[in-house]
Amino acid sequence: MTAAAALNSSIRIEALNVDKPILIVADRDSVSIRAGTIVEIGDATHRFAEDTPVLLGTLEAGTDYAVMIDADGQPFAENVSQQNPLASGYLAGFHFAPGGHAQGIAGGDTTPAINPYSLWNIGFRPACTDPRGMAMVEFAHGRFWGDIYLLGTDHQQQGTSRYGATIADGRDLPMRPDGSGRYKKLDYAVAVEIAAHHGKRLLGAEEFFAASYGVKERCSRSTEPARTGMLDDEAQRFISKRGLFDATGTMWQWGTDGHPDDPRPSLFGGSWIVGSDAGSRYACLDCWAEYSIDSIGLRAASDHMRPA
């Protein structure tokens, strides 16, 4: 048994509803453990008869936080930007985004907020090994988790979804997973390889449509952005209902057409170049796999972990 597995095996969570996370968002900058939750950590048992606020301190926009319970039974959150919370013995977590998710179909806003779709806990999380920077999406075929941010060039250290990272594309090339240098291009094969290295995959067409819903349609940024999640006078229009930043109108994103047996390389969302063509349903489902240009990036996804 690895050290990470040993840490996680010492935590057991009982929830009234295993189809929901044990955390709930009260407002933009507060989160609680849901009433009826029981958490066992080693020999200690913590019962939460009512919604119990998590001590947060000062939250930093664009940061992931993870939750633990102190010796007195008080839940608290810590910044886990530099560590995988699943490998460090935390029981739950969330992402504090630099802007709020879309409430309708005109994009989000520029006020920092906890992404309510980023709430995870042991037993309710993405199936990949690191839940940071992801939001859960529900659609006709079930659930999956999508990266909140586009891939950054230094993903081997930062993960595939990090706020403020240099956006990886065919000009600003991503590092190889082993740190031995940068890829020579960011084509479909490289996109698949990078996602797989992190235990993730590319989005299918219907998944992308669901994940990007809520953006302002038929428009794009006026210029190319350099870093992930940066908000300006126009960027909030491209935050989706699930809180994905730059979901459309910023960078084309590698994906597949969603065929279960023979998926075709596809591109989604449109870039800053395409103007009124960009949007949540804008897709090229039969693109040349060798494309690698400055307007094509990557957003990774993960299946939802099945309950044990």
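Each remark here, short or long, concerns the structure printed above.
Conventions and cut-offs
Residues numbered from 1 in each chain as written. Predicted model: local features only at pLDDT ≥ 70, side-chain atom pairs only at ≥ 80, totals over all residues. Heavy atoms only, no water. Pairing = 2+ DSSP bridges. Helix = DSSP H or I, 4+ residues; strand = E, 2+ residues; numbered from the N terminus. Phe/Tyr/Trp six-rings, centres within 6.5 Å; stacked < 30°, edge-to-face > 60°. Buried < 20%, exposed > 50% of the residue type's maximum accessible area, 1.4 Å probe, protein only. Core = buried A, V, L, I, M, F, W, Y, C linked by side-chain atoms within 4.5 Å. Contact = heavy atoms within 4.5 Å.

## Examining the sheet that holds strand β6 (residues 52-53)
Ordered in space as β2-β3-β6, the 3 strands form an open sheet in which the pairing is antiparallel. Single-partner strands in this sheet number two, and they are β2 (23-27) and β6.

## Side note on the packing of aromatic side chains
Counting across every chain of the model gives 8 aromatic pairs. Ring geometry for phenylalanine 139 against phenylalanine 144: centres 5.4 Å apart, planes inclined by 85°, an arrangement best described as edge-to-face. With a centroid separation of 5.0 Å and an interplanar angle of 45°, the aromatic rings of tryptophan 252 and tyrosine 282 are classed as tilted. Remark: tyrosine 282 occurs in the loop between β16 (265-268) and β17 (283-284) and tryptophan 252 occurs in strand β15 (residues 252-256); sequence separation between them is 30 residues. Owing to a relative accessible area of 9%, tryptophan 252 belongs among the buried residues under this scheme. Cluster of aromatic residues (ring-pair linked, three or more members): Tyr149, Tyr163 and Phe245.

## A word on the nonpolar core
Judged by nonpolar contacts, the single largest core of 24 residues is most densely connected at Leu23, Val31, Val54, Leu56, Leu91, Phe94 and Ile114. Of all elements in the fold, only β3 (30-33), β7 (63-69) and β9 (92-97) reach the threshold of two or more residues within this core. For this core, the element with the most residues is β7, which contributes 5 residues. Apart from the residues within four sequence positions on either side, isoleucine 114 is in contact with Val25, Arg28, Asp29, Ser30, Val31, Leu56, Leu59, Phe94, His95, Phe96 and Leu119.

## Regarding the pairing of β16
If a strand is regular, its side chains alternate between the two faces of the sheet. Of the two faces of β16, the one holding Pro265 and Leu267 and the one holding Ser266 and Phe268 are both buried throughout. Examined bridge by bridge, β15 and β16 share 4 bridges and lie antiparallel to one another. Across the sheet, residue threonine 256 finds its bridge partner in β16, namely proline 265. Sheet topology note: the β16/β17 ladder contains 2 bridges and is antiparallel. Within the sheet, the bridge partner assigned to leucine 267 lies in β17 and is cysteine 284.

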